[in-house]
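# Tertiary structure, described
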Number of protein chains: 4
Amino acid sequence: MNRESFAAGERLVSPAYVRQGCEARRSHEHLIRLLLEKGKCPENGWDESTLELFLHELAIMDSNNFLGNCGVGEREGRVASALVARRHYRLIHGIGRSGDISAVQPKAAGSSLLNKITNFLVLDMIKLAGVHTVANCFVVPMATGMSLTLCFLTLRHKRPKAKYIIWPRIDQKSCFKSMITAGFEPVVIENVLEGDELRTDLQAVKAKVQELGPDNILCIHSTTSCFAPRVPDRLEELAVICANFDIPHIVNNAYGVQSSKCMHLIQQGARVGRIDAFVQSLDKNFMVPVGGAIIAGFNDSFIQEISKMYPGRASASPSLDVLITLLSLGSNGYKKLLKERKEMFSYLSNQIKKLSEAYNERLLHTPHNPISLAVTLKTLDKHHDKAVTQLGSMLFTRQVSGARVVPLGSVQTVSGYTFRGFMSHTNNYPCAYLNAASAIGMKMQDVDLFIKRLDRCLKTVRKEQSKDSDDNYDKTEDVDIEEMALKLDNVLLDTHQDASS
Amino acid sequence: MNRESFAAGERLVSPAYVRQGCEARRSHEHLIRLLLEKGKCPENGWDESTLELFLHELAIMDSNNFLGNCGVGEREGRVASALVARRHYRLIHGIGRSGDISAVQPKAAGSSLLNKITNFLVLDMIKLAGVHTVANCFVVPMATGMSLTLCFLTLRHKRPKAKYIIWPRIDQKSCFKSMITAGFEPVVIENVLEGDELRTDLQAVKAKVQELGPDNILCIHSTTSCFAPRVPDRLEELAVICANFDIPHIVNNAYGVQSSKCMHLIQQGARVGRIDAFVQSLDKNFMVPVGGAIIAGFNDSFIQEISKMYPGRASASPSLDVLITLLSLGSNGYKKLLKERKEMFSYLSNQIKKLSEAYNERLLHTPHNPISLAVTLKTLDKHHDKAVTQLGSMLFTRQVSGARVVPLGSVQTVSGYTFRGFMSHTNNYPCAYLNAASAIGMKMQDVDLFIKRLDRCLKTVRKEQSKDSDDNYDKTEDVDIEEMALKLDNVLLDTHQDASS
Amino acid sequence: MNRESFAAGERLVSPAYVRQGCEARRSHEHLIRLLLEKGKCPENGWDESTLELFLHELAIMDSNNFLGNCGVGEREGRVASALVARRHYRLIHGIGRSGDISAVQPKAAGSSLLNKITNFLVLDMIKLAGVHTVANCFVVPMATGMSLTLCFLTLRHKRPKAKYIIWPRIDQKSCFKSMITAGFEPVVIENVLEGDELRTDLQAVKAKVQELGPDNILCIHSTTSCFAPRVPDRLEELAVICANFDIPHIVNNAYGVQSSKCMHLIQQGARVGRIDAFVQSLDKNFMVPVGGAIIAGFNDSFIQEISKMYPGRASASPSLDVLITLLSLGSNGYKKLLKERKEMFSYLSNQIKKLSEAYNERLLHTPHNPISLAVTLKTLDKHHDKAVTQLGSMLFTRQVSGARVVPLGSVQTVSGYTFRGFMSHTNNYPCAYLNAASAIGMKMQDVDLFIKRLDRCLKTVRKEQSKDSDDNYDKTEDVDIEEMALKLDNVLLDTHQDASS
Amino acid sequence: MNRESFAAGERLVSPAYVRQGCEARRSHEHLIRLLLEKGKCPENGWDESTLELFLHELAIMDSNNFLGNCGVGEREGRVASALVARRHYRLIHGIGRSGDISAVQPKAAGSSLLNKITNFLVLDMIKLAGVHTVANCFVVPMATGMSLTLCFLTLRHKRPKAKYIIWPRIDQKSCFKSMITAGFEPVVIENVLEGDELRTDLQAVKAKVQELGPDNILCIHSTTSCFAPRVPDRLEELAVICANFDIPHIVNNAYGVQSSKCMHLIQQGARVGRIDAFVQSLDKNFMVPVGGAIIAGFNDSFIQEISKMYPGRASASPSLDVLITLLSLGSNGYKKLLKERKEMFSYLSNQIKKLSEAYNERLLHTPHNPISLAVTLKTLDKHHDKAVTQLGSMLFTRQVSGARVVPLGSVQTVSGYTFRGFMSHTNNYPCAYLNAASAIGMKMQDVDLFIKRLDRCLKTVRKEQSKDSDDNYDKTEDVDIEEMALKLDNVLLDTHQDASS
């Protein structure tokens, strides 16, 4: 409402009350102005009212929402379904232009602002999370793996001779595929076992670089966040190798923003050596739906080059999600989530430790991994070779999601490459194990439920084993009783559900 | 509500009424069952009630919505903002798995179903639109250009020697960039002028294939939908060349689904020759927000190969949009939109013709282009070399979006390649011109408003020219009067706004 | 966004584009200003974007949405559920104050504006619908019946001696109860049969007035909209009687706004005689959810008196609904609905006529009733005394809603008063009949489906009758076949469903 | 989705995953079933997912949502605006039938269920809040005052001779008006001062009953929740008087559900004497928007009689709000709110006490009032007779809502009755004072902000007074500085805003 509208309002109801309302409006406007002027995440989260006002204001700046617009192009932001228009707050034009995903669209000032602001906020959060000297970043509506591919494709133009990517092994398919899709040959560097931990074999990396010749190497592709007992790569040392041999360095920081340790590694790597870009998942770090990644780096122009490699306009949906999320949380809210995650990691760690000891198993000692834990499944594996996978499927049907059992000896071929001991990041890890992680947003009830159900499953599997006979293995009565209990559980436990979800 | 709930309901209110309600429920369920069983777009659109019920049902099949779920993984579909969860109907897990964007997710049966069903519906619509023998397709949450890149990257693994892509020129940056990003060298084939039309130079293509050698050519990259006076490529003949030389053929069908002519070309190309994949924009053809494309083809396994090249999970947002849209429209609704577009094309064509003649200009004769039109700006260009771009900006400020003026002699360098006569698809088109298109969803009021404003702008520009002095050119008073008129327009014209928008 | 925000936006994206967006914003603001200044329904409906912006602007003027508000009262507009807040657009404070439902609330300038504006728009629509000289009106969140009660309670203070209300019979419980609840004694005036029509017995009214004495009569309570064969009361003549005897006159115009005839009667009554207030349903006339009524009249101060009788604040929900509806439709949209209703009345009339003749029945000749029709069920009634109600329940289970069968001889006691021939507005109507109405929003498909199903039901009932045996009556096989057909119907027919519903 | 749909789903994605989803669905259904079977508020709040599923299920049981429905009545639940339909979850038919607001509607099984269930849940909460022997209740979409009117109108039929209502004075207009509107003569019983408290004058009540004669008295109309220094009426003693004289007793329990003391009084009154009905606000006790009340009582049939007095169908909106709210909160959530309110009352009490002493004022000792507090404004009043109202308006402009200053000597005439000392519940309270209340949903930040702003305002007023000159009083500079501070406040303080609001 503009001045004239307020004046008209004053004639309809009391001027004093309307002025009070007008004054109140200014508080919302003030917050929006601060955001646009400073380009920083507000310390304190906005309430929905301010947030929706802001999105509404952005939307009416896009040509598809102009009251008098007439469209005679091939792409006019027309939407057939009112449901669809509404769920996108009528921001239909996406982000970027043909040449550049960060570019401004003449038809869509609002969407363009959204894109800019979102990238600013995300940059702000990366700094807050520990990479203080990051120079630029952008949100791209693609998976982390595909975003890594985009980085590799960008590097190709700078290093036309290069064919290889040096890659300390991590058993996650999309990391591997990101290189294959880009058309390069991954050179797998096996990890070394130090105590229980699997760590980067720096000697092997260096040897390989020398063997292949730096010019033939597109980059080193390292990883921070990963499943225990693998731990984040030795980024500092890798960054120094890259600097020394003048090789680019791309870091897969998939869910590392949530961990100050991972972020610190990146900050240090960039300080002492070379890191060209680091890529992280939007959903895994910022609690938004799957679909976006952030490509960040220490050299503004290289990041811009990557953003110019995306041919075409892109979905604004992941940007919108993270914008809403960060404005709702504020930087304080995000900090709080980071703090809680860390606490939950300790709690999960302690609870698993206790439980594992009760079953003569052991929590693997992996102090360098700040997110994922692994607990041995030795006794299970000993008696029965299918017991480990059986445990996995029991947990699945009991609505434990994300727990991951890793049996020995699994072999898998991905895009023509064969990995022995697949899932364990090494050819021969000493034992089978189970992974659990403390990721951002985890609640104490998640831990408690997990421990309780794991306990029950282990008990059941043990009982089966003691019967020492395969034919009894799938005995459904037993499982059914468990199921019944579970169903009761569900109803009771939804008590503890987070009301805000 | 299940049987017991209905029974309880009957005790609370009259059994007869509850039974009536229960019966009514079955009609909704029946529609959902038909969809799942047949995998086809319903003829008649669903009402919002059925649609939301369906989305709700899908959502509660995903683990993040299980009442008793506990998550101990690194990606559990947790969402920080209730606004975000709501706008995605709580479908958070995206689509695909690390290895394959079409794969099923154990944690997310609902999202997986959504993905499958959406791809089925879209396949159905491609058939309906004219490509009857299409074998498979999938929605990918990337721009058309990036999707073309993915196709090229997939072909690389099949044709390791290939370095070149044969590309009949079309002046749209992202088409060109899609090849650059994939790391190939575009071989630009200039178009030939036939009457007013710019058409594929088949001889030049054939000559180039022979010159470079088929094995060194990754594929021919042709285009259907484009701005007049360029017309869709001669797909049949190109497809025959591809078949004869055993070269893959990728078609950029950006906004061609909406045109039976473009679809017919693809169908014919595949019948008489070779087309490996054709790629189309989701937003431009299905009236959804920017952000997705459909990769389709005639060989099921090749399409699957492409889908397996996407490393990581992807945003479900574009799939969700098109699912909602198609279920709301039904195939009849979509057919109606196609029919209206065709009618609007004739209408636009006639109106522009009339107007152009009044100004001694001419509608270019481009019968092979079913979507875009071009009208000469000769008289404008003659007097004043900035008059053409001036017209463009006048239209822009008058809220005409999508109209595109093409002056003579523009030169642009894209990724190191220099294009003379950029925007006109040829080095030296005979005259400057203005483009307008009839795209899906266009309304008669768009045409009428456009013609009215174009008329007014041409009048103003002419007046300026007759004053024959540059300094008067930007005289703001004049423009301001126009602006005032426009503002009044806006308010009056919103009358004709489509209420459903 | 204010000036500074736009300036900041210009620094982030291009100034020209932001200015375009800012200009576009003004069009929305302009519409809002016109509304507030003129207090009239816009001719053309607003789009959702403007509408939601307006509601948002209203909401942030209410103290519960002030960012810095602190509440220490007993009623602070706090809302426990975000779903609830959202569905009310955060307008929580309701309308009115303790003393007056039309009063302004200091805590809630936005809600107060909403209340004023809504009443203005509704007044505008009443004029448009035909009562040009209406002086004032207000929306009250109560049923029509309860609103009539409020009118009667207001009159009590003006006529302390009065005990009776003169009421030409209409067989609708809540009309009758409205008087009982207010504590008055209804004096039922039986209707007279003129042709097929039941009309007001003016002589009886006059005689009763003289018998009881004008001072003992609170008012005459007449009715416009009603089920055929009753027709609207002779308002002009009643109004003249009221004027002559100085008796107040309250008109129940329940669903009469949608009919120019009913509105004309009121306008004429007020012109030639006396009408103090006329009350109409919000939902029945404006296609909003059940829950509100409009109390209108020709004397501003009397309407204000009524509004001051409502003790306490009231729900803003019905006002919000009608505000959204009228702003979406615009006056042109509402006119269109009125026109379509009239057309549908003719169509329904013709179709029923044809069908009835095929079954040797007759459409009753009730030219004074502009909304409701009645068709005889003589042949049905003759053979079987339960056949009429049987037909009613068959229609019900076939999802025909609103059809109403009126058997002969039904007797009902309401609040101690016994009505013979209940539902037929007279003690002894010559025959049983079936009612159908053409109400606002009815579609051709409603008529077609109704005719088809009625045809089928009549056929079935006839077949039953011809078997001439009661025990066969409920033969379920027969019904089941019908049911099966119906289910198929449902799915097929949803084709014709109005997509906008 | 039904069995066949799940089977079809299993063919599309893995059966194991679909079965898991199907299982998960059952948890939601189970909660719904429990609700319908037990008719009790779930202990633990439902998540939005279950809640919306439930509302959706209810909606599709209503005829306006039947896919194959055809409507030929005058009220078919048609909705013109999609926004309106959506905000009511497509539940359009309202609650009740012509004769009875609690009756079942044949056309709307879903809305009827909603009505029943809501009344059950509300009954459950009234018991939980302390009135264990309540027999029946219903939600009515009217203000508390209008609901009281409905009770009085119902009693009229049982006590035709009665003209008076005995009413211990409470200075709240709508309480008084509720009797006037019903057509009765309020007999005001002045309160007696006991210490600081104003309490019921039982002797005066008894004397008045005897003077007027019990048969001439419609009822005693007592009050629980009220502004200090008035305290809840002596319900037990009044109830005994009612029992002894055989006079009905209606209790205005406006915002008393939130206080165990008020509820205890009602429970005790009913145990030892007579209470016919007690009426409470929906919004003030359950944190929903303004618009509904609950009429409850100890005699099932009397409550039914009242519900049968409402002529017509009524808005379901308040019922829907409270249903959503209670299902979201669960009984545990509601208990928690009650507990927090009590704690906040102590906190507010202590903080005000401290502040008042700093200004030589005094917190009035009103131990019987569990919600409202009063602090003297003696020193203010002494110097300047407008200072008290000035303070009120200063608080208002500083966004303190609900604080209420009560100057001495205010006189007001309501419906012809003159109240001296209006707002203070007595003719001559010893001093001016300020009220603040701790109502349900109040947060610590509300208290802190209030205390801080009150402190600042008192300081300013004092400063003004010391200048001892009237002309300086409105010196705006001073206020402006305050305003500036406040604006800064707003932005900073929104930090502490409850994110869930």
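Scope of this entry: the structure provided in the associated data block.

Basis of the calculations
Residues numbered from 1 in each chain as written. Chains lettered and ligands numbered in written order. Predicted model: local features only at pLDDT ≥ 70, side-chain atom pairs only at ≥ 80, totals over all residues. Heavy atoms only, no water. Least-squares fit on C-alpha atoms with pLDDT ≥ 70 in both. Contact = heavy atoms within 4.5 Å. Buried < 20%, exposed > 50% of the residue type's maximum accessible area, 1.4 Å probe, protein only. Helix = DSSP H or I, 4+ residues; strand = E, 2+ residues; numbered from the N terminus. Buried area = accessible area lost by both parts, 1.4 Å probe. Salt bridge = Lys/Arg side-chain N within 4 Å of Asp/Glu carboxyl O. Polar contact = N/O pair within 3.5 Å; in protein donor to acceptor, adjacent residues only side chain to side chain. Nonpolar A, V, L, I, M, F, W, Y, C, P; charged D, E, K, R; others polar. Pairing = 2+ DSSP bridges.

## Digging into the relation of the copies chain A and chain B
Mapping chain A onto chain B leaves a residual RMSD of 0.0 Å; the transformation is a rotation of 180° accompanied by 0.0 Å of translation along its axis. Taken together, the turn and the small shift mark the pair as related by a two-fold rotation axis. It is Arg-87 of chain A whose C-alpha, among those of chain A, lies nearest the rotation axis, at 2.5 Å. Of the interface residues in chain A, 100% have counterparts in chain B that sit at the interface too, so the contact is made through matching surfaces.

## Concerning helix H7 (residues 173-182) of chain D
All names here are of chain D. Summarising burial for H7: nine of the ten residues are buried, a large majority. Those residues of H7 lying buried are Ser-174, Cys-175, Phe-176, Lys-177, Ser-178, Met-179, Ile-180, Thr-181 and Ala-182. Gly-183 sits one or two positions beyond H7 and adopts a positive phi of about 95°.

## Let's talk about the interface of chain A and chain B
With 96 residues of chain A at the contact, the number on the chain B side is 96 residues. Between chain A and chain B lies a buried interface of about 8,000 Å² when both sides are counted; carbon and sulfur atoms form 61% of it. Of all residues in chain A, the largest losses of buried area upon contact with chain B belong to Val-72, Glu-74 and Arg-87 of chain A, amounting jointly to 10% of the total for that side. Across the salt bridge formed by Asp-321 of chain A and Arg-87 of chain B, the nearest N and O atoms sit 2.9 Å from each other. Across the chain A-chain B interface, the total number found is 42 residue pairs in polar contact (both at pLDDT 80 or more). Here the side of chain A that touches chain B is composed, by residue class, of 45 nonpolar, 32 polar and 19 charged. Note that strand E12 (residues 400-401) of chain A and strand E1 (residues 70-71) of chain B share two bridges and pair parallel.

## Describing the pattern of salt bridges
Oppositely charged side chains may form a pair once their charged atoms are brought near each other. Tallying each qualifying case throughout the model produces 108 salt bridges over all chains. Close ionic contact of Arg-199 of chain B with Glu-194 of chain B constitutes a salt bridge, the shortest N to O distance being 3.9 Å. In this structure Arg-199 of chain B comes out as buried when scored by relative accessible area, which is 11%. Where Glu-37 of chain C meets Arg-33 of chain C, a salt bridge forms, and the shortest distance between an N and an O atom there is 3.8 Å. Residue Glu-37 of chain C and its partner Arg-33 of chain C are located together in helix H2 (residues 15-38), separated by four residues, close to a single helical turn. What you see here is one network of salt bridges that share partners, running through Arg-25, Glu-29 and Glu-57 of chain A together with Arg-25, Glu-29 and Glu-57 of chain C.

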